[in-house]
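# Working through the structure, step by step
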Amino acid sequence: MKRVYNIKLLVILLIVVFSCNKKETNNNDIHIKETNVTQFVDPFIGTGGHGHTYPGATMPFGMVQVSPDNGISGWDWCSGYHYSDSTMIGFSHLHLSGTGIGDLTDIRIMPINKKVNLSTPVSNRDDIPYASKYSHNKENATPGYYNVLLEDHNIKAELTADIRTAFHRYTYAQGDEQSLILDLGYTTNWDKTIESQINIEDKFTVSGYRYSTGWAKNQKVFFVLQFSKSINEYNLYKQKNQVEKVNTIKDTITTAQLFFNKGVKNQLEVKVGISSVSIDNAKENISMHKNKFEFDKVREKGTMSWEDMLSKIKIETQNDTLKTIFYTALYHSQIAPVTFSDINGAFRKENDSIIFAKDYTAYSTLSLWDTFRSEHPLLIFLAPEKVSDMITSMLAYYEDKKVLPVWTLYANETNTMTGYHSVSVIAEAYLKGIKGFDIQKAYEAMKQTMMQDDRGLKYYKEYGYIPYNLLDESVTITLEYAYNDWCVAQVAKALGKNEDYNYFLKRSQAYTHLFDPETGFMRGKSKNGTDWHEPFDPKFSAHRVHADYTEGNAWQHSWFVPHDVNGLIDLFRDENTFVTKLEQLFTEDSEITGDNVSADISGLIGQYAHGNEPSHHIAYMFNKANAPWKTQYWVSKILKTQYNTTPNGLSGNEDCGQMSAWYIFSSLGIYPMNPASGEYQIGSPIFEKATIKLSDNTNFIIEAENVSDKNIYIQSATLNGKKINRSYITHQEIIQGGTLHFVMGKSPNKHWGVKK
């Protein structure tokens, strides 16, 4: 017995020593193994259906998004990739996450194991001589890493990235030709090359640029490629014509095939730096990796960065499916906006001027019509230090046209979608205590933007609403301007600008002009102030042509009064009438009428369309009408039916994080129905416990006792041990830290959260 005891003691001592040594020498690995929330992220969620996400590698808010391209023009291929496909044409370095817009996919390279003729005319993907089949069985993706086997070339391709540099590693079969295609010409969807250049600088370096037009009308991307092996031979092509004995070519379309020294290794590593400014800046962006090809080290660092970002919210549940949906959503919500300024601070503006971001990072890909609703509110918790930089970036764009951005892509104003929701983002950030940006300049920009005449504001100011016979989508635009006005008013009040406060607050009542009490809908009204737009069908949709609503119909857009729900209830005369109409939205049949129905109307529950952003706040409006149990029911229904773990796991466009941010907030049990109000409406939490890390010393915990698939109703609640009987919680209460504790049950408690 003594001998056995000694052996056991020795084993225990060895384990302790080994553990201590391991933790001391490789603490990062231990951290990953102990928490490892990245294991629950599946980047393929949303790559099917109409999710429009991409599976490739990027860092949180990274400048590069290196990802595979299928080479097809079509709405479902807006991100360059769709899960239904099985053909690859290469890996490009700029992508949009879930926008439904076909742009970017710049600077594409493709490994290949044979010589091909690039002079062959290419009209579609089938003509591309270097394309390859691939199978999802030999394709993998995790945050910051992607790999696939290119079957036709028998090459394993691996991708990873840091903030401004992409890293490729290609493993060729023994004895095969080791070659690479650089194609600056072939484009899909909206994008078109207008000028490009390729420079063979030396045996290890290729540089150049690509100018293009599309959604972003003036897009300039400069690049540098550095190789771990020397270039033995190369063929250059201008407009599909091979050019002999030169090392620099410039034309509309340029392509190249590079051949590398086989040596003893079958692997070729490639570093790719990009810049909006110059080739020199692209080189500087990868200078920290000069003469180093450390693919595995970069991948590990990227995993740690994602682990740190995703660990800011820890959820506790026995359901791994929910963990996958949640952490994938958290991942998708931190892809955009993207870093735009170079490592030296320089970035290009739409007018081709080069400015420097001093003491901040400039950001682009500002999908504000989508993200103001809950993605930007989420970033106030997850990345508050980046929020002020994003606002400063908006102010930099404001300098040129004296108007705040609408939808900024690669510093180009696309003017896509309605409203000026940069106003909401700025107001929310300031009112929630975010510092680090010039609030006086920001207020000037907010006021100037809402006082100018473009995009229907002239009519809005003249009539108090936008008449349908003067501008399409007049109802949606009017409602969104009313909310924007309310946001300006709140900042004016906080800054002591009382005259402005009263002016914009009065304008924020513009929604009242468009409410038709007979039908209970917001409707297009003529400029005479009395006649409604006839004929009227609340289920009718017309996509962008002679429409009163943006990407939707009257059922979906009549509820956008997040700043004054009580005022909207008054228009219905009483709470019961309002609740009945609101619930009818979810129980009405799902027929959408019209010959030009918007494809964005998806994820239907009745006429509620979760696949598009205008519906996202609606389920929380029951709270304001003293029926919070109905909010709990419908939010739970949406959580269960509109998200899953398949490639079709999103019911509509991801839209740069908004679709995912809705899930993050709603699964936790709170939602910023009016982002700038400082209140979060309480819904139906689905996790036993969730911990939001606000700082090193402050956590906010949300507990849901007895929660289950059936126990979706709140029975009672306490905040830091004190009972609360209201259907909202404030931002100030959250950031102070503490615990919000719910007791859940399977039947609604119609007394909790109801005002007496």
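To keep things clear, this report deals only with the structure shown in the data block. (Residues numbered from 1 in each chain as written. Predicted model: local features only at pLDDT ≥ 70, side-chain atom pairs only at ≥ 80, totals over all residues. Heavy atoms only, no water.)

### Some remarks on the sheet that holds strand E12 (residues 192–202)
- Within the open sheet, the nine strands sit side by side as E7-E8-E9-E10-E19-E14-E13-E12-E17. Their pairing is antiparallel. Edge positions in the sheet fall to strand E7 (139–142) and strand E17 (248–251), since each of these pairs with one other strand and no more. Taking the axes of each pair of neighbouring strands and ignoring which way they run, one obtains an average angle of 15° across the sheet.
- One ladder, built from seven bridges, connects strand E10 (residues 165–171) with strand E19 (residues 267–275); its direction is antiparallel. (Pairing = 2+ DSSP bridges. Helix = DSSP H or I, 4+ residues; strand = E, 2+ residues; numbered from the N terminus. Axes fitted to C-alpha atoms, helices over the stretch in contact; angles between N-to-C directions.)

### Quick word on empty space enclosed by the protein
- Overall, the coordinates contain ten cavities of 30 Å³ or more when judged by the stated rule.
- The computed volume of the largest cavity comes to approximately 110 Å³.
- Tallied by class, residues from the lining of the largest cavity come to seven nonpolar, five polar and no charged.
- Space inside the second largest cavity adds up to approximately 70 Å³.
- For the lining of the second largest cavity, the residue count by class is six nonpolar, two polar and two charged. (1 Å grid on protein atoms, 1.4 Å probe; cavity = no way out; pocket = protein on both sides within 12 Å on 5 of 7 lines; lining within 4 Å. Points joined across faces, edges and corners; volume = space filled by probe spheres on them. Nonpolar A, V, L, I, M, F, W, Y, C, P; charged D, E, K, R; others polar.)

### Some details on the pairing of E19
- With eight of nine residues buried, E19 is to be regarded as a mostly interior element.
- Sheet topology note: the strand E14 (residues 219–227)/E19 ladder contains six bridges and is antiparallel. Bridging from a neighbouring strand, Val224 pairs with Gly273 of E19. (Buried < 20%, exposed > 50% of the residue type's maximum accessible area, 1.4 Å probe, protein only.)

### Considering the side chain of Ser367
- Within the fold, Ser367 resides in strand E25 (residues 366–367).
- Of the polar contacts made by the side chain of Ser367, one reaches the side chain of Asp370; its length is 2.4 Å.
- Every residue in contact with Ser367, bar those within four places of it in the chain, is listed here: Trp407, Asp655 and Cys656. (Polar contact = N/O pair within 3.5 Å; in protein donor to acceptor, adjacent residues only side chain to side chain. Contact = heavy atoms within 4.5 Å.)

### Some words on the layout of surface pockets
- Reported here for the largest pocket is a volume of approximately 450 Å³.
- Taken together, 25 residues form the lining of the largest pocket, with Asn566, Lys624, Glu679, Gln681 and Lys755 sitting closest to its centre.
- Where the lining of the largest pocket is concerned, the elements lending two or more residues are helix H15 (565–571) and strand E35 (679–682).
- By residue class, the composition of the lining of the largest pocket is seven nonpolar, twelve polar and six charged.

### With respect to the environment of Phe536
- Position of Phe536 among the secondary structure elements: in the loop between strand E29 (521–522) and strand E30 (540–542).
- C-alpha separation for the pair Phe536 and Gly71, spaced 465 residues apart in sequence, amounts to 42 Å.
- Setting aside anything within four residues of it in sequence, one finds Phe536 in contact with Thr519, Phe521, Arg523, Tyr549 and Ala554.

### Section: the sheet that holds strand E26 (residues 407–409)
- The strand order across the open sheet formed by three strands is E25-E26-E27, and the pairing between neighbours is antiparallel. Each edge of the open sheet carries a strand with a single partner, namely E25 and strand E27 (412–413).
- With two bridges joining them, E26 and E27 adopt antiparallel strand pairing. Looking at E27, one finds that Thr408 is bridged to Glu413.

### Observations regarding helix H12 (residues 474–494)
- With 21 residues, H12 extends 30 Å from end C-alpha to end C-alpha; this agrees with the ideal 30 Å at 1.5 Å per step.
- Taking burial as the measure, the 21 residues of H12 include 19 buried ones, the bulk of the element.
- Phi turns positive, to about 75°, at Gly496, one or two residues after H12. (Expected span 1.5 Å × (residues − 1).)

### A short note on the nonpolar core
- Counting 215 residues, the largest nonpolar core has Phe227, Phe326 and Phe578 as its most contacted members.
- The biggest single contributor to this core is H12, with twelve residues.
- Setting aside residues up to four positions removed in sequence, Phe578 forms contacts with Trp559, Val565, Leu568, Ile569, Phe572, Met621 and Ala625. (Core = buried A, V, L, I, M, F, W, Y, C linked by side-chain atoms within 4.5 Å.)

### Let's talk about the pattern of salt bridges
- Under the counting rule described, the total for this entry stands at 30 salt bridges.
- The salt bridge involving Lys386 is made with Glu385; its shortest N-O contact spans 3.4 Å.
- By relative accessible area, Glu385 is classed as partly exposed at 43%.
- As a salt-bridge pair, Arg507 and Asp485 come within 2.8 Å of each other at their nearest N and O atoms. Taken as a pair, Arg507 in helix H13 (residues 498–507) and Asp485 in helix H12 lie far apart in primary sequence, 22 residues in all.
- Overall, Arg507 belongs to the buried group, its relative accessible area being 11%.
- Residues participating in the shared-partner salt-bridge network are Asp106, Asp191 and Arg210. (Salt bridge = Lys/Arg side-chain N within 4 Å of Asp/Glu carboxyl O.)

### Looking at the side chain of Ser602
- As for its placement among the helices and strands, Ser602 is situated in the loop between strand E31 (593–596) and strand E32 (604–605).
- Apart from residues no more than four positions distant in its own chain, Ser602 is found in contact with Ala609, His610, Gly611, Asn612, Ser651 and Gly652.

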